[in-house]
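One letter stands for each residue in the lines below.
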Amino acid sequence: MKNIGYLAQDISILHRQYYKDTREQFDALKLNPTAACILLSVGDYPEITQNHVARLLVVDKGLATREIKKMESLGYLNKHDGTGKSKILELTNVGSDVVDQIQDIRKQWWEKRFADTGLTEDSPLIASIERVVDSIVDPIE
């Protein structure tokens, strides 16, 4: 059995391979990995703010702001006033279609990896990884 310390390296390998394999599909949507994750987050959490997105994805607020501006210019996102100075993010109709495409890309990639290795969606490893992530990420209220 490998030292558990290698788990981060193994997860990074999966992460890099996923984006390598799907780069052309994301390029066609004019998205990078961070932008795709932001769109998924907005789709998953109605009434999410830019600040919540940055905390949820554990990315720098400046990076989140730049990516959100880019997606607004692509017509994927709109912002409207929230409480105080906050801005609520919402998907446009085009953005909703793109989120569906992102989910399909992601699902197909993982289904292939699971099929190739004989893993199933109810693997205890998945629940363990989700638990660790939940301990890191601030919950969305």
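This write-up is about the structure you can find in this document.

1. Comments concerning a nonpolar patch on the surface
Taken together, the side chains of Ile4, Leu7, Ile11, Leu125, Ile129 and Val133 present a nonpolar region at the surface, about 500 Å² in accessible area. Looking at the nonpolar patch, the elements with two or more residues in it are α1 (7-28) and α6 (124-136). With three residues, the single largest contributor to the nonpolar patch is α6. Of note, Leu125 is situated in helix α6.

2. Topic: the pattern of salt bridges
Applying the stated criterion across every chain, the model contains six salt bridges. Lys79 is paired through a salt bridge with Glu72; the nearest N and O atoms lie 3.6 Å apart. According to the relative accessible area criterion, Lys79 is partly exposed, its value standing at 30%. Given a relative accessible area of 29%, Glu72 falls into the partly exposed group.

3. What about the pairing of strand β1 (residues 77-81)?
In terms of strand pairing, β1 meets strand β2 (residues 87-91) through five bridges, oriented antiparallel. By the bridge assignment, Asn78 is partnered in β2 with Glu90. Taking the residues that link successive antiparallel strands as the turn, the β1-β2 hairpin has five residues, and the phi of Gly84 there is positive, at about 65 degrees.

4. Side note on helix α4 (residues 61-73)
Relative to the 18 Å expected for 13 residues at 1.5 Å per residue, α4 spans 18 Å between its end C-alpha atoms, a close match to the ideal helical length. Every buried residue belonging to α4 is among Ala64, Glu67, Ile68 and Met71, and all of these are buried. The buried residues of α4 occupy an angular sector of 105 degrees when projected down its axis, which confines them to one face. Residues Arg66, Lys69 and Ser73 are exposed on α4 and point more than 90 degrees away from its buried face. For α4, the secondary structure elements touched by its buried residues are α2 (33-44), α3 (50-57), β1 and β2.

5. Observations regarding the nonpolar core
By size, the foremost hydrophobic cluster in this structure holds 25 residues, and its most contacted members are Phe26, Leu31, Leu39, Met71 and Ile102. With six residues, α2 is the largest single contributor of residues to this core.

The rules behind each value
Residues numbered from 1 in each chain as written. Predicted model: local features only at pLDDT ≥ 70, side-chain atom pairs only at ≥ 80, totals over all residues. Heavy atoms only, no water. Patch = residues over 30% accessible without salt bridge, like charges linked within 9 Å, V, L, I, M, F, W, Y side chains within 5 Å. Areas by Shrake-Rupley, 256 points an atom, 1.4 Å probe, with all protein chains shown as cover. Salt bridge = Lys/Arg side-chain N within 4 Å of Asp/Glu carboxyl O. Helix = DSSP H or I, 4+ residues; strand = E, 2+ residues; numbered from the N terminus. Buried < 20%, exposed > 50% of the residue type's maximum accessible area, 1.4 Å probe, protein only. Pairing = 2+ DSSP bridges. Expected span 1.5 Å × (residues − 1). Arc of directions from axis to C-beta. Contact = heavy atoms within 4.5 Å. Core = buried A, V, L, I, M, F, W, Y, C linked by side-chain atoms within 4.5 Å.

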